[in-house]
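Structure assessment
So you can see what is in the structure, the chains are spelled out below.
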Amino acid sequence: DFEPYYEHAGITIYHGDCREILPGLEADVVVTDPPYGICYGGFPANIGARAYNPIAGDATQKDAEWLLRQWTAPIVIFGAHEFPHLLHAGGRWFCWDKRLTVKADKMIGTPFELAWENRPGKNVMLRCLHGGVVNANGHGRPRQHPTEKPIPMLRILLDYCQPGIILDPFMGSGTTLRAAKDLGRKAIGIELEEKYCEIAAKRLQQE
């Protein structure tokens, strides 16, 4: 048994390797953004930005492959377009439109991101402006993790997900858990790096 790093009001965080922790947990749906082989290398600090280290495991797609083998219940997984050979037929796609307008497409970064669900259904557009100087989490709130998703977008996504307990085995700074809390849902997160567990716990304590 693993002791929770944080546990309050239906939200639990575990610090450690999800390969060891996840098999002993029960949840109704996984919603996660795992490393998937894009070789994110981190970047140094500059004006108005934080410095980030490389993401553990992001040199290969082994984490995503392991998760899709390990978890056969409902799952929503970001970055699945990078490993289509691992997906089965009959799922559906979520497309997060990050720009909303042609003019906004000029902002730095990709204008959209994709997530795949292993349940059949209509494909879904998630519209949430985010990127460049626009932060959907609110003005003056810098990202806490290099691949952090905004809480408002996760709240929209979770409304489409299987009811019940949400599990994020690659929790990062805890955005999925924070969105779940905002919606009154129970959630579990697992994170390898303790500094992100600490950040997530602080985000969850904010009312």
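Heads up: the structure comes first, above all this text.
I will try to describe carefully the structure that is included in this document. Bear in mind that the values here come from a model prediction, so they are computed numbers and not experimental data.

1. Considering the packing of helix H3 (residues 151-158) against helix H4 (residues 175-182)
- With their axes 9 Å apart at the nearest point, H3 and H4 run at an angle of 65° to one another. Note that H3 runs across H4; the crossing there is right-handed. Seen from H3, the contacting residues are Ile-151, Leu-154, Arg-155 and Leu-158; seen from H4, they are Thr-175, Thr-176, Arg-178, Ala-179, Ala-180 and Asp-182.
- Of the residues assigned to the contact of H3 with H4, the class counts are 5 nonpolar, 2 polar and 3 charged.

2. A closer look at the environment of Val-30
- In this structure, Val-30 sits in strand E3 (residues 29-32).
- We classify Val-30 as buried; its relative accessible area is 0%.
- For the pair formed by Val-30 and Leu-67, sequence separation is 37 residues and the distance between their alpha carbons is 9.6 Å.
- Setting aside its immediate chain neighbours within four residues, Val-30 contacts Leu-67, Trp-71, Pro-74, Ile-75, Val-76, Leu-167 and Pro-169.

The rules behind the values
Residue numbers run consecutively from 1 along every chain, following the written order of its sequence. Confidence filtering applies because this is a predicted model: local features only for residues at pLDDT of at least 70, side-chain atom pairs given and counted only at 80 or more, and all residues used for totals across whole chains, interfaces and linings. Note that the side-chain values use all heavy atoms of the structure and ignore hydrogens as well as water. Axis definition: a line fit to C-alpha positions, over the contact stretch in the case of helices; interaxial angles, taken between N-to-C directions, run 0 to 180 degrees. A run of H or I in DSSP becomes a helix once it reaches four residues, and a run of E becomes a strand once it reaches two; helices and strands are each numbered from the N terminus. Helix crossings are classified by the rotation of the near helix relative to the far one: an anticlockwise turn of less than a right angle makes the crossing left-handed, while a clockwise turn makes it right-handed. By definition, residues are in contact when any of their heavy atoms lie within 4.5 Å. Put simply, Ala, Val, Leu, Ile, Met, Phe, Trp, Tyr, Cys and Pro go in the nonpolar bin, Asp, Glu, Lys and Arg in the charged bin, and everything else, Gly too, in the polar bin. Classification of residues uses two cut-offs on accessible area relative to the type maximum, computed with a 1.4 Å probe and protein chains only: under 20% is buried, over 50% is exposed, and between them is partly exposed.

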